[in-house]
Amino acid sequence: MLLERKIGVKYQKPKGTADILPQEAQLWDEVEAKSREVFRRYRYGEIRVPLFESYDLYARSSGDTSDIVTKEMYDFNDKGGRHMALRPEGTAGVVRAYVENKLYGPEFPKPYRVYYMGPMFRYERPQSGRQREFHQIGVEAFGSDSPLLDAETIQLGVDLLHSVGVHDLRLAINTLGDPETRQAYHQALVDYFTPHKAELSEDSQIRLAKNPLRILDSKDPQDKPLVADAPSILDYLTPAAQAHFSVVKESLDKLGIAYVVDPTMVRGLDYYNHTIFEIMTTSPAFGNKELTVLAGGRYDGLVEQVGGPALPGVGFGLGTERLMLLVQHNRPAEEAAPLNVYIASLSEPAGAEALVLAHAIREAGYTVDMDFLNRKAKSQFKTANRENAQLVITLGEDELAHSAASIKQMATGQQIQVPFAEVTTEFHKIYQQLVEEGK
Ligand code: HAM
């Protein structure tokens, strides 16, 4: 059946998504370039993994009681009947790639450090700084259980934010300990919440049975008073977990990184243990609310859970949109880069010649634009002015007859005639003479 062709139907972007237009993309590029530079210094290499994977990978790693899995996954059956999902976060796919490509082998460095940048998808209620398609800049480091690596990862996050001019940060850390700690704390939470079960929200009553730690992360006001008095995980740490956390804190002290220990912090994903951290900031860009820009932690056990050897990992994810809001707010809008050359053509044959000259000048490394709308000379000059052109080349009848271009320097009004052949081969010289020496 042929679809009726409707003219003039207007489409809107899906709810919770955003178009990143060229004027913003420039700043995104800049922030990404600065991040890459910081990663280079820390010896992180880029990894690019698929935007979708099997649903099972995310369900298993994020945890089947997490909001991400129960409420926010964009999942679908593909045409072959496979249950797939758009990635809600970066860690699971990177761990899968680490295992599948055997990046733990002896030929690879340890820790094995990778970073990634790209879109993530979560079916959330959109609001400022919260989208359904959003981007993360993230890092993962595999193969070392040293608490020094936790501290280095936090330092990397702080450096990254500083490198793009974001200061006034608040770092909160906590520990979820080792499996033994978790077991003891799990029991303590069950013992504490069970007598109050009826006072808990419906969701938290389910969490109590499945994963009581999740209750601590509840956003339901009904749960808040009980959560406030819940036992603290810090009282259940095994000596080994305690020692790990102490080294993290001492290292941060040594590095001069200020932090607060928040024993109620649990994070929204189930794969964490030992150190977890969040870097928050309050900014008019967020309506003066405090938002988490960067968050992560250690996930020893996840590699094994995803079918690899028992190797530890630690990393973080940074919300790029949130970071961009901060960066944009901190910095006045920059002036657009000037256009090096505008070619005004006053006839059809001149247009064809303009195309050839434009190509040659672009090959020499300069930015060039010309008319494609058959505009009158006056309106072409107006465009050249609006684009802030440094040089305007005019091609009229006279110029074509002499195979020479009139080149005008806009700042001084100085004008010269240059044979086409010279423009094509010697543009660099012409530009230097007119623009750089004229300064
Ligand atoms: P996460 O805390 O779920 O952790 O996300 C990290 C950051 O991504 C958040 O702090 C926030 O800045 C940003 N973010 C999350 N959801 C949204 C959203 N809907 N809209 C805009 N920004 C958002 C992770 O994803 C872990 N994979 C981090 C990690 C890496 N842990 C270890 N390695």
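Note that the coordinates shown come from a computational prediction; the quantities given were computed from them, not determined experimentally. (Residues numbered from 1 in each chain as written. Predicted model: local features only at pLDDT ≥ 70, side-chain atom pairs only at ≥ 80, totals over all residues. Heavy atoms only, no water.)

**Concerning the UniProt feature "binding site: L-histidine" (unreviewed entry) in the protein**
Argument step 1. Residues given the UniProt feature "binding site: L-histidine" (unreviewed entry) here are Glu89, Gly90, Thr91, Arg122, Gln136, Glu140, Arg267, Tyr271 and Tyr272.
Argument step 2. Among the structural elements, glutamate 140 can be located in strand 6 (residues 133–142).
Argument step 3. When near neighbours in sequence (up to four residues on either side) are disregarded, glutamate 140 contacts Tyr44, Thr91, Val94, Tyr112, Arg113, Val114, Tyr116, Tyr299, Val314 and Gly315.
Argument step 4. In terms of polar contacts, glutamate 140 uses its side chain to reach the side chain of threonine 91, at 3.0 Å.
Argument step 5. Along the polypeptide, arginine 267 turns up in the loop between strand 8 (260–261) and strand 9 (273–282).
Argument step 6. In this structure arginine 267 comes out as buried when scored by relative accessible area, which is 11%.
Argument step 7. Sequence-distant contacts of arginine 267, that is, excluding residues within four places in its chain, are made with Arg214, Asp217, Tyr272, Ile276, Phe277, Glu278, Ala295 and Gly296. (UniProt positions renumbered as here; feature names shortened; annotations may be inferred. Helix = DSSP H or I, 4+ residues; strand = E, 2+ residues; numbered from the N terminus. Contact = heavy atoms within 4.5 Å. Polar contact = N/O pair within 3.5 Å; in protein donor to acceptor, adjacent residues only side chain to side chain. Buried < 20%, exposed > 50% of the residue type's maximum accessible area, 1.4 Å probe, protein only.)

**A few points about unusual backbone geometry**
Argument step 1. Between lysine 110 and proline 111 the backbone carries a cis peptide bond, its omega angle lying at -5°.
Argument step 2. On the secondary structure map, proline 111 appears in the loop between helix 4 (91–100) and strand 5 (112–121).
Argument step 3. One non-glycine residue with positive phi stands out, namely aspartate 168, at about 50°.
Argument step 4. Along the chain, the position of aspartate 168 falls in the loop between helix 5 (147–163) and strand 7 (170–175).
Argument step 5. Taking the relative accessible area as the measure of exposure, aspartate 168 reaches 71% and is therefore exposed.

**A closer look at helix 11 (residues 320–330)**
Argument step 1. For helix 11, the complete set of buried residues consists of Thr320, Glu321, Arg322, Leu323, Met324, Leu326 and Val327.
Argument step 2. Buried positions along helix 11 lie against helix 1 (22–41), strand 6, helix 5, strand 9, strand 10 (290–298) and strand 11 (313–319).

**A word on the pattern of salt bridges**
Argument step 1. Following the criterion strictly, the structure yields 23 salt bridges and no others.
Argument step 2. Of the charged contacts in the structure, one is a salt bridge between lysine 429 and glutamate 426, with a shortest N-O distance of 3.2 Å. Taken together, the residues span about one helical turn, with lysine 429 and glutamate 426 both in helix 15 (residues 420–436) at a distance of 3 residues.
Argument step 3. Judged by its relative accessible area of 56%, lysine 429 is exposed. (Salt bridge = Lys/Arg side-chain N within 4 Å of Asp/Glu carboxyl O.)

**Examining the site of the ligand**
Argument step 1. Around the ligand lies a shell of 27 residues, among which Glu89, Glu124, Glu140, Arg267 and Tyr272 are the nearest.
Argument step 2. Within the contact set of the ligand, a nitrogen atom lies 2.8 Å away from a side-chain nitrogen or oxygen of glutamate 140.
Argument step 3. Measuring from a nitrogen atom of the ligand, one finds a side-chain N or O atom of tyrosine 271 at 3.0 Å.
Argument step 4. Coverage of the ligand by the protein chains reaches 96% of its 660 Å² of free accessible surface.
Argument step 5. Of all the secondary structure elements, the ones that give two or more residues to the shell around the ligand are strand 6, strand 10 and strand 11.
Argument step 6. When residues of the shell around the ligand are assigned to their parent elements, the largest contribution, 5 residues, is made by strand 10.
Argument step 7. Of the residues that constitute the shell around the ligand, the class distribution is 10 nonpolar, 10 polar and 7 charged. (Near = heavy atom within 4 Å. Areas by Shrake-Rupley, 256 points an atom, 1.4 Å probe, with all protein chains shown as cover. Nonpolar A, V, L, I, M, F, W, Y, C, P; charged D, E, K, R; others polar.)

**Section: the side chain of histidine 274**
Argument step 1. Secondary-structure assignment places histidine 274 in strand 9.
Argument step 2. Aside from chain neighbours lying at most four places away, what touches histidine 274 is Asn174, Thr175, Leu176, Gly177, Asp178, Ala241, His244, Arg298 and Asp300.

**Considering helix 15**
Argument step 1. Its maximal kink placed at glutamate 426, helix 15 deviates by approximately 90°.
Argument step 2. Listed in full, the buried residues belonging to helix 15 are Phe420, Val423, Phe427, Ile430, Tyr431, Leu434 and Val435.
Argument step 3. Turning to helix 15, the residues buried within the fold contact strand 12 (341–345), helix 12 (348–363), strand 14 (391–395), helix 14 (397–402), strand 15 (404–409) and strand 16 (415–419). (Bend = angle between axes of the 7 residues up to and from the residue.)

**Regarding the sheet that holds strand 14**
Argument step 1. With mixed pairing, the 5 strands of this open sheet are ordered in space as 13-12-14-15-16. The open sheet terminates on both sides in strands that have one partner only, identified here as strand 13 (368–370) and strand 16. Adjacent strand axes in the sheet meet at a mean angle of 25° when their direction is disregarded.
Argument step 2. The strands touched by helix 13 (residues 377–386) are strand 12 and strand 14; relative to strand 12, the strand with the most contacts, the crossing angle is about 175°.
Argument step 3. Contacts from helix 15 reach strand 12, strand 14, strand 15 and strand 16, with the element oriented near 150° to strand 16. (Pairing = 2+ DSSP bridges. Axes fitted to C-alpha atoms, helices over the stretch in contact; angles between N-to-C directions.)

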